[in-house]
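Here is what each chain is made of, one letter per residue.
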Amino acid sequence: MTSQNPIAPAASESRRTVTAAVVQAAAPLFDTRAALDRAGELIREAVSGRGAEVVVLPEAFLGGYPKGLDFGITVGSRTPAGRELFRRYHAAAIDVPGPEVQELAALTRELGCHAVVGAVERQRGTLYCVALFFGPDGYLGLHRKLMPTAAERYLWGQGDGSTLPVVDTGAARIGAGICWENYMPLFRTAMYAKGVDLWCAPSVDDRDAWQATMRHIALEGRCFVLGANQYLRRDALPADLHPVQGDDPGTVLIGGGSVIVSPLGEVLAGPLRDGEGILTAELDLDDLTRARFDFDPAGHYSRPDVFTLHVDESARATVRTV
């Protein structure tokens, strides 16, 4: 007699899966058209060539991450050359909504996929580091980085609570934390409470320690983590720029480390080092429930009788008309 496994899924049950891809690459700095073309090519390759249904591109992919540039700033002083460099950076950013957003929206409608794309958004004189959300219906919204890190603060403004979306794809709920936002415990708690299943982490942090953060969030949030990092070399920057790392064309400015992690902290793909590439993994969505069996950070493990968090999701405007 053949024994039967009492916990095996019934034959009629179908496995719920999503194929996810994280892109490790960098776009040309100060060349918006080339950056947009590159983003489109990489999304198309991930979907058409790798079968991805969800694609994540790194932080500031459109607009660029100017690693190693100081924009002529010292405490209490700015230079004309630094102001001109910021003008170039501002010109390479994108408007939301705008033609670049429309083009990416048309692409995800064509491919029938979801995508999260790191970008630099221009709103008058202020720039924001953002994650743009796209799906089969086109453009779905954006998340503005709440807290630029260190010297990023002289380039980017702060987001507010009005751009903390978690997008329901029908199969899973997608949210994004950009680079060191992933270290903000209250931000993570707010996102967990929104039921995020696929935590997208566009980043430029290439340290080995970042891998611990990606695995920790997966375990803490009981969610899949899709970490997409840039890989940037000196020869990808315009020749007239001089990053502090030096002018050797082969100097690596951002060293990658893209990774996909399961809700129990297991590395499913990556980390990717030493070059550009696309990582993919088939995500078993039932692993979300299996992982939350013994830990749900915004549910049975949250202790709301002891801890509460107030989240202000209103838009903050300097001038309000009534």
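Before any of the text, the structure's been laid out above.
Predicted, not measured: the structure shown is a model, and the values here were computed from it.

About the thresholds
Residues numbered from 1 in each chain as written. Predicted model: local features only at pLDDT ≥ 70, side-chain atom pairs only at ≥ 80, totals over all residues. Heavy atoms only, no water. Helix = DSSP H or I, 4+ residues; strand = E, 2+ residues; numbered from the N terminus. Rg over C-alpha atoms; globule rule 2.2 N^0.38 Å. Buried < 20%, exposed > 50% of the residue type's maximum accessible area, 1.4 Å probe, protein only. Contact = heavy atoms within 4.5 Å. Lys, Arg positive; Asp, Glu negative; His and termini not counted. Charge placed at Lys NZ, Arg CZ, Asp CG, Glu CD. Phe/Tyr/Trp six-rings, centres within 6.5 Å; stacked < 30°, edge-to-face > 60°. Lys NZ or Arg CZ within 6 Å of the ring centre and 35° of its normal. Patch = residues over 30% accessible without salt bridge, like charges linked within 9 Å, V, L, I, M, F, W, Y side chains within 5 Å. Areas by Shrake-Rupley, 256 points an atom, 1.4 Å probe, with all protein chains shown as cover. Salt bridge = Lys/Arg side-chain N within 4 Å of Asp/Glu carboxyl O. Expected span 1.5 Å × (residues − 1). Arc of directions from axis to C-beta. Polar contact = N/O pair within 3.5 Å; in protein donor to acceptor, adjacent residues only side chain to side chain.

Visitor: What is the right way to look at the overall build of the protein chain in this model?
Guide: Scanning the protein chain for helices and strands turns up 6 helices and 13 strands. Here the C-alpha radius of gyration of the protein chain, 20 Å, is about what a compact globule of 322 residues would show, namely 20 Å. The dimensions of the protein chain, computed from C-alpha atoms along their principal axes, are 80 × 50 × 35 Å. By residue count, 51% of the 322 residues in the protein chain fall in the buried class. Restricting to contacts in the protein chain with at least 6 residues of sequence separation, those with at least 24 account for 69%. Within the protein chain, one finds 31 positive and 40 negative side-chain charges whose respective centroids are separated by 5 Å.

Visitor: I keep staring at the packing of aromatic side chains and nothing clicks. Help me out?
Guide: The geometry of an aromatic ring pair is captured by two quantities: the separation of the ring centres and the angle between the planes. This structure, assessed with the given rule, holds 10 aromatic pairs. Summarising the aromatic geometry, the rings of Phe 71 and Tyr 89 are spaced 6.0 Å apart at their centres and angled 65° between planes, so their arrangement reads as edge-to-face. Here the residue Phe 71 occupies a position in the loop between strand 2 (54–56) and helix 2 (80–92), and Tyr 89 occupies one in helix 2, the gap between them amounting to 18 residues. The burial state of Phe 71 is the same as that of Tyr 89; both residues are buried. Between Tyr 192 and Trp 199, the ring centres sit 5.6 Å apart and the planes meet at 50°, which makes this aromatic pair tilted. In terms of burial, Tyr 192 and Trp 199 fall into one category: buried. Three or more aromatic residues link up through ring pairs in this structure, and these residues are Phe 30, Phe 71, Tyr 89 and Tyr 154. Note that Arg 144 overlies the ring of Tyr 128, its terminal NZ or CZ placed 3.9 Å from the centroid.

Visitor: Looking at this structure, how should I read unusual backbone geometry?
Guide: Negative phi characterises most residues that are not glycine, and trans characterises most peptide bonds. Between Val 96 and Pro 97 the backbone carries a cis peptide bond, its omega angle lying at 0°. Along the chain, Pro 97 turns up in the loop between helix 2 and helix 3 (99–111). Looking along the chain, the bond that leaves Gly 270 and enters Pro 271 is cis, with omega of -5°. The topology assignment puts Pro 271 in strand 12 (residues 267–273). Positive phi, close to 65°, is recorded for Phe 30, a residue that is not glycine. One non-glycine residue, Asp 274, lies in positive phi territory at about 65°. Within the secondary structure, Asp 274 is located in the loop between strand 12 and strand 13 (277–284). What makes Asp 274 exposed here is its relative accessible area of 73%.

Visitor: Mind showing me how you'd approach a nonpolar patch on the surface here?
Guide: Together, Leu 186, Leu 309 and Val 311 make up an exposed nonpolar region whose accessible area comes to about 240 Å². Secondary-structure assignment places Val 311 in the segment after helix 6 (286–292). Relative accessible area serves as the criterion here: at 33%, Val 311 is assigned to the partly exposed category.

Visitor: Can you walk me through helix 3 in this structure?
Guide: An α-helical turn contains 3.6 residues, so a residue and the one three or four places further along point in the same direction. Along its 13 residues, helix 3 runs 18 Å from first to last C-alpha, staying within 8% of the 18 Å computed at 1.5 Å per residue. Buried residues of helix 3: Glu 100, Val 101, Leu 104, Ala 105, Leu 107, Thr 108 and Leu 111, and no others. Seen end-on, helix 3 carries its buried residues on one side only, within an arc spanning 160°. Facing away from the buried side of helix 3 by more than 90 degrees, the exposed set consists of Pro 99, Gln 102 and Glu 110. Considering only its buried residues, helix 3 is in contact with helix 1 (32–49), strand 3 (114–123), strand 4 (126–135) and strand 5 (138–144).

Visitor: Is there a simple way to think about the side chain of Asp 160 in this case?
Guide: In this fold, Asp 160 is placed in the loop between strand 5 and strand 6 (167–168). Although buried, Asp 160 forms no salt bridge, and the nearest oppositely charged side chain, Arg 144, lies 5.5 Å from it. A distance of 2.9 Å separates a polar atom in the side chain of Asp 160 from the backbone nitrogen of Arg 316. Non-local contacts of Asp 160, meaning those with residues more than four positions away in its chain, are made with Leu 146, Ser 314, Ala 315 and Arg 316.

No statement about biological role is implied by the geometric values presented.
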